[in-house]
Structure formats: C-alpha cells, structure tokens
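Here are the chains, one letter per residue:
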Amino acid sequence: CVTFSRCGMDHKLDDVMRFRHTLVRLMSLCHGSALEEIKDTESDSIETIDVAGLDRRTLKLLHECKEIYSFNRVELLLHLSQGLITKAHDDGVMTIAPPILSRVYQTLSRGFVNLLNAKKICDTRFPFPYAQLISILLLTYVFLTPFTISTLYKSKLPVAILTFFANYGVFSLNFIAGELENPFGNDDNDLPLNHFQSEMNNSLLMLLHTHSDHIAGISQGCVTDFEVLVQAKMEGDEAMESGERTDDSKSVGAAINSAIESKKSIISRQSISALAHHAFSEESAGEMDQAKVLVEEEVSQATAQQQDKPPEAAASPPSSPPSGFQKPKIGGADPAFAPKSP
C-alpha cells in the first residue's frame, strides 16, 4: 500500500503521509496482538510502533471492543486496516487498479489464516489420558529396568550404568515431545516471538524512511555491454574457484561499499565534470561517446606529460635568452624590423 500511494504525493502529500503513518501503526499493533494470542504466558510485553500516535477515537474503540465486548483484537485491526485502505483508494491517495489492489486484501486474509493455524497448535493440546498413561508406563519402566538388567550381569557396575542410560533416553524423548507440543512459550527452546516483532517493526519503519520512494537507476559509467558483463562474471567465478578472493569480497555489503568508494574516486576527477555536462545535454548518443573518448584522451595526455616532466622543471626560473637573441625595442624603430624599400 505504501508503494501504491506514491502517485498521490504530488497533489495530496499530507494525506499520503497521514495514511502511511496510520497504516504502519495499525499493522505493528496487529502483528503484536497476533503474537500475544499464541503466547503461552502473558508475562512479557511485545513492543509496537507508537500506538499513542493513533487518534483518540481509534484507541477508545480498541479498548472497548477488547475489554467490554470481548471482540478479537486482531480481527478488529484487520477490519480497520482494510477500511483505511479502501478510503485511501476512494480519496485518490492510492491511484492503482482495483484488481491489483485486491492482492493487498488477499495478503491480509492469508496472514489471518496463518494465525488461525498457529492457534491450532496452542489450543489443541496432547490428549490428557494419553499423557497420564505415558507417565505411568515410564514409572513402571524405571522400577523394572534394574531388575531386568541384573538378570544379565552379576556385577553391580554394569547394571547401574545400563539402567541409567536406558531411563535417561526414554525420559529425554518424553521431555522433547513436551517441548515440541507448544513452541510459543518462554523457554530457551521456544520460538523468539519478541525478535519476530522487532523484525516486523524494522520492516514497517523502513517504509516510513525519507527516501523510501527513491527510484533506483544506473550511473553514467555503468557498463551496459552484455558481453563485458558476462566476461567479468566468468573472471569472478574463476577467482572464486582459485581462492584469490577473500571472505570480505564475497559479501554483498562489501560490494556495495566498494562501489560507493569507486563512485567517490570517479566524482573527484575534474575531467568527469565535462563528461557529465555532455551526458545531461541534449546531444545524441554518438556525440556523448565522442565526448567521453576526448576526455579520456585528455586525461591520458595530461598524465603522460606529468610523468615525463622532471620535478625540478616547474620550480626552476626561466632560462636566459640565447646570446644571439636581440630584444626588439618598444619605443623606437628597430633597423631589423624596418620595412624594406621596394
């Protein structure tokens, strides 16, 4: 929905920003309420994004529907979100085709279905008579195991060791089954629900970033030749196989940082400004390529001249004129420059 509301920023900027902030707070509260429904205990609180930022009528409605009427809060928040999206579409905040917008409602309904599936795990417990029978059989196994093993070994040490490991294995399987029965608790082996909520909040805050509507593009020095890109990929694969690259060069973050540093070094050159001037002018593509070639030739010539020029030449004073050179006179007539008679 945030992406769909980008087209309305030109003429309804305030309405778009109000819609985005309201939707982000509703979705954060909806996700946190869903996690609270499947939690085993209510000791830990789940953080949400600025619930106090919602208007007073909305907060009062959420409180009354939960405390007075015992309505499901997740269903109420989904209804509020759908109503907000529908109103934004009617007001022109989101100028998107209805068939595409229907995917938003399908995604919300699919999330609620997944919540119901998770609640089945919490609400459908292991049958209690079955659990009682397993406990009674385990106790019987504990008492009968040492007598059974003692008939096979006469020594006390092997009997004690085998009895311990046999009982330990059976009870470990029973405890593991108890942990798997409900993975939404607060134990170390349970799922990190607070971490899930934190990731959801970070994803929602990303949508409110100042540059969230930025349209990606390519730079002026981007390589668009397919053959060159394929050749670079093949060389990179060979370097990976030979082990020449380090672990840092394999990461995406390192590649982005390297690209940023490369752009900085390119921008710092003075000759690139002339190339950028030609790139943004209304000249044809052929003229732009010619301008690029001319700039590269100028840079290479200037670099070659600096390498050939000795360092002391720039600081040395100008050499004296040759002995046979005569400086022309400014005021009078010089015989050397006098016009010849016909």
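This section reports on the structure supplied with the text.

Cut-off values and rules
- The numbers attached to residues start from 1 for each chain and follow its sequence in the written order.
- Side-chain atom pairs in this predicted model are given and counted only at pLDDT of 80 or more, local residue features only at pLDDT of at least 70, and totals for whole chains, interfaces and linings cover all residues.
- Side-chain numbers come from the whole structure's heavy atoms, not from hydrogens or water.
- Numbering of helices and strands runs from the N terminus; a helix is a DSSP stretch of H or I covering at least four residues, while a strand is a stretch of E covering at least two.
- Residue exposure (1.4 Å probe, protein chains only): buried if accessible area is under 20% of the type maximum, exposed if over 50%, otherwise partly exposed.
- Contact between two residues is taken to exist if any of their heavy atoms lie within 4.5 Å; hydrogens are not considered.
- Surface exposure here means Shrake-Rupley accessible area, sampled with a 1.4 Å probe, where a residue is shielded only by the protein chains that are shown.
- Polar contact is the term for a pair of N or O atoms within 3.5 Å; when the atoms are in protein, one must be able to donate a hydrogen and the other to accept it, and sequence-neighboring residues count only if both atoms are side-chain atoms.
- By this rule the span expected of a helix is its residue count minus one, scaled by 1.5 Å.

As a further point, take the overall build of the protein chain. A count of helices and strands for the protein chain gives 12 helices and 0 strands. Each helix and strand of the protein chain, placed in order from N terminus to C terminus, yields the pattern α-α-α-α-α-α-α-α-α-α-α-α. Counting all 342 residues of the protein chain, 19% fall into the buried class. Excluding contacts between residues fewer than 6 apart, the proportion of contacts in the protein chain whose partners are at least 24 apart in sequence is 63%. For the protein chain, the exposed surface amounts to about 25700 Å²; the carbon and sulfur share of it is 60%.

The next point concerns the side chain of Ser28. With respect to the secondary-structure elements, Ser28 resides in helix α1 (residues 13-38). Here Asn201 takes part through its side chain, which lies 2.7 Å from a polar atom of the side chain of Ser28.

Here helix α8 (residues 226-242) spans 24 Å end to end across 17 residues, near enough to the 24 Å set by a 1.5 Å rise per residue. In this structure Asp225 caps α8, since a side-chain oxygen of it lies 3.3 Å from the backbone nitrogen of Glu227.

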